[in-house]
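# Examining the three-dimensional arrangement
These are the residues of each chain, in order.
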Amino acid sequence: QKKRTLKKDSVPNLSFENIGGQQRSKAELKEALDFLIHRNKLRDYGIRPIKGILLSGPPGTGKTLMAKAAAHYTDSVFVTTSGSEFVEMYVGVGAQRIRELFQEARTGAKKSNKNSAIIFIDEIDVIGGQREGSQHREYDQTLNQLLTEMDGITTDQEVQILVVAATNRKDMLDSALLRPGRFDRHISVDLPDKKARHMILGLHTENKPLAEDVEIEQIATETFGFSGAQLESLTNEAAIYAMREGNGVIQQMHLSQAIDKVMMGEKTDREATQ
Ligand code: ATP
């Protein structure tokens with residue numbers, strides 16, 4: 001997987017082809033990204049830039065991959081953070097971190113000779129969730145700073161910034177975030193259907209030794225409800241079973257056992273949180 005590693009503040013080497021399924025989400029995302037690519041034309045027509053794209057969907061469906069592929073597609077520097085980084089920060093520190101993030105995006109792009117940057121914020125609901133009263137003041141400052149930075153994005157800046165955020169709790173978001181000119185493009189990234197599961201399993205077994213009789217389609221049928229992340233985990237578990245047996249290839253049996261393992265894992269995780 002070395003070719004896919006990401007140097008800090010550089011353009012990720014991961015394209016939309018590395019993401020299995022998600023045809024509709026990918027098409028919608030590319031359509032929005034074309035606004036970034038053709039921003040000079042937008043400027044001529046006085047169209048405002050797309051500043052924020054919200055990816056929503058269950059955990060492990062590839063939202064982070066989509067954000068990275070978006071940066072690759074637009075040849076943008078990629079800067080990333082997660083809402084969870086802002087938990088329990090002192091008042092003012094979160095807002096400062098947001099300022100730094102935008103600064104990092106600008107300087108990172110200039111350093112790499114790129115004229116656009118994508119800032120990815122995973123778990124945006126942590127900083128942008130609805131709340132009542134004045135508790136969580138530290139979060140509010142963080143959110144306000146994010147909105148201020150986004151409001152400041154125009155088409156005539158040297159480095160064009162696009163913020164891509166991900167959440168699996170879109171219904172929880174503060175409406176201030178979703179207003180026009182902020183995160184006004186919403187793309188849902190859903191659990192894969194059978195065909196998509198087949199493709200994802202294909203991608204994650206590409207570099208693994210499979211026995212000739214392995215039927216990936218069968219595994220795709222049996223993994224209804226699995227996310228991309230669970231499918232990746234399944235192929236990894238199957239490879240571990242095969243390695244333990246030491247016969248050099250992954251057999252159908254290993255994949256079937258791995259389905260159970262991943263399902264059991266989920267179950268115990270759920271029980272633990274109950
Ligand atoms: P979370 O909401 O938990 O942050 P996410 O939606 O951002 O999850 P990713 O981090 O993009 O999910 O996916 C986790 C891993 O799952 C990826 O690194 C990849 O190995 C695998 N994966 C998920 N979806 C896909 C997909 N559509 N195609 C290929 N691999 C996938």
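A brief report on the enclosed structure follows. Residue numbers here run from 1 along each chain, matching the order of that chain's written sequence. It should be noted that, the model being predicted, local features are given only for residues of pLDDT at least 70 and side-chain atom pairs only at 80 or more, the latter also being counted only at that level, while totals for whole chains, interfaces and linings use all residues. To obtain the side-chain values, all non-hydrogen atoms of the structure were used and water was disregarded.

Counting from the N terminus, the helices are the DSSP runs of H or I reaching at least four residues and the strands are the DSSP runs of E reaching at least two. The helix and strand inventory of the protein stands at 11 helices and 5 strands. The reference for a compact globule is 2.2 Å times residues^0.38; the radius of gyration itself is calculated from the C-alpha atoms. Here the C-alpha atoms of the protein give a radius of gyration of 21 Å, agreeing with the 19 Å that 2.2 N^0.38 yields for 274 residues. Dimensions of the protein along its principal axes, counting C-alpha atoms only, are 60 × 45 × 30 Å. Looking at the protein residue by residue over its 274 residues, the buried ones come to 45%. For this analysis, residues touch if any pair of their heavy atoms sits within 4.5 Å. Here the analysis covers contacts within the protein between residues at least 6 apart in sequence; of these, 78% occur between residues at least 24 apart. Using a 1.4 Å probe, accessible areas were evaluated by the Shrake-Rupley method; residue-level cover was limited to the displayed protein chains. When the accessible surface of the protein is summed, it comes to about 14,300 Å², and 49% of that surface belongs to carbon and sulfur atoms. His is not counted, nor are the chain ends; Lys and Arg add positive charge and Asp and Glu add negative charge. Just so you know, the charge point we use is NZ for Lys, CZ for Arg, CG for Asp and CD for Glu. Within the protein, one finds 36 positive and 39 negative side-chain charges whose respective centroids are separated by 5 Å. Buried means the residue's accessible area, taken with a 1.4 Å probe over protein chains only, is under 20% of the maximum for its type, while exposed means over 50%, and partly exposed covers the values in between.

Think of an α-helix as turning once every 3.6 residues; residues three or four places apart then point the same way. Look at helix α10 (residues 228-245): 26 Å from first C-alpha to last across 18 residues, which is about the 26 Å you get at 1.5 Å a residue. Among the residues of α10, those classed as buried are Gly228, Gln230, Leu231, Leu234, Thr235, Glu237, Ala238, Tyr241 and Ala242. A positive phi of about 70° marks glycine 246, the residue just after α10. Expected helix span is given by 1.5 Å per residue-to-residue step, counting one fewer step than there are residues.

Moving on to the side chain of serine 56. Here serine 56 lies in strand β1 (residues 52-56). Beyond its immediate sequence surroundings of up to four residues, serine 56 is in contact with Lys63, Thr167, Lys170, Ile187, Ser188 and Val189.

We now examine the site of the ligand. The criterion for a residue being near a molecule or strand is simple. One of its heavy atoms has to lie within 4 Å of it. In the vicinity of the ligand lie 17 residues, with Gly20, Gly60, Lys63, Thr64 and His204 positioned nearest. The term polar contact refers here to a pair of N or O atoms within 3.5 Å; inside protein, the definition further demands a hydrogen-donor-capable atom paired with an acceptor-capable atom, and it admits residues adjacent in sequence only when both atoms are side-chain atoms. Contact between the ligand and glycine 60: an oxygen atom at 2.8 Å from a main-chain N or O atom of the residue. One of the side-chain nitrogen or oxygen atoms of aspartate 122 is found 3.2 Å away from an oxygen atom of the ligand. Summarising the interface, the protein chains cover 78% of the accessible area of the ligand, which totals 630 Å² for the free molecule. Elements that contribute at least two residues to the shell around the ligand include exactly α3 (63-73), α8 (194-205) and α10. Polar here means any residue outside two lists: the nonpolar Ala, Val, Leu, Ile, Met, Phe, Trp, Tyr, Cys and Pro, and the charged Asp, Glu, Lys and Arg; Gly therefore counts as polar. Here the residues of the shell around the ligand are counted per class, giving 5 nonpolar, 9 polar and 3 charged.

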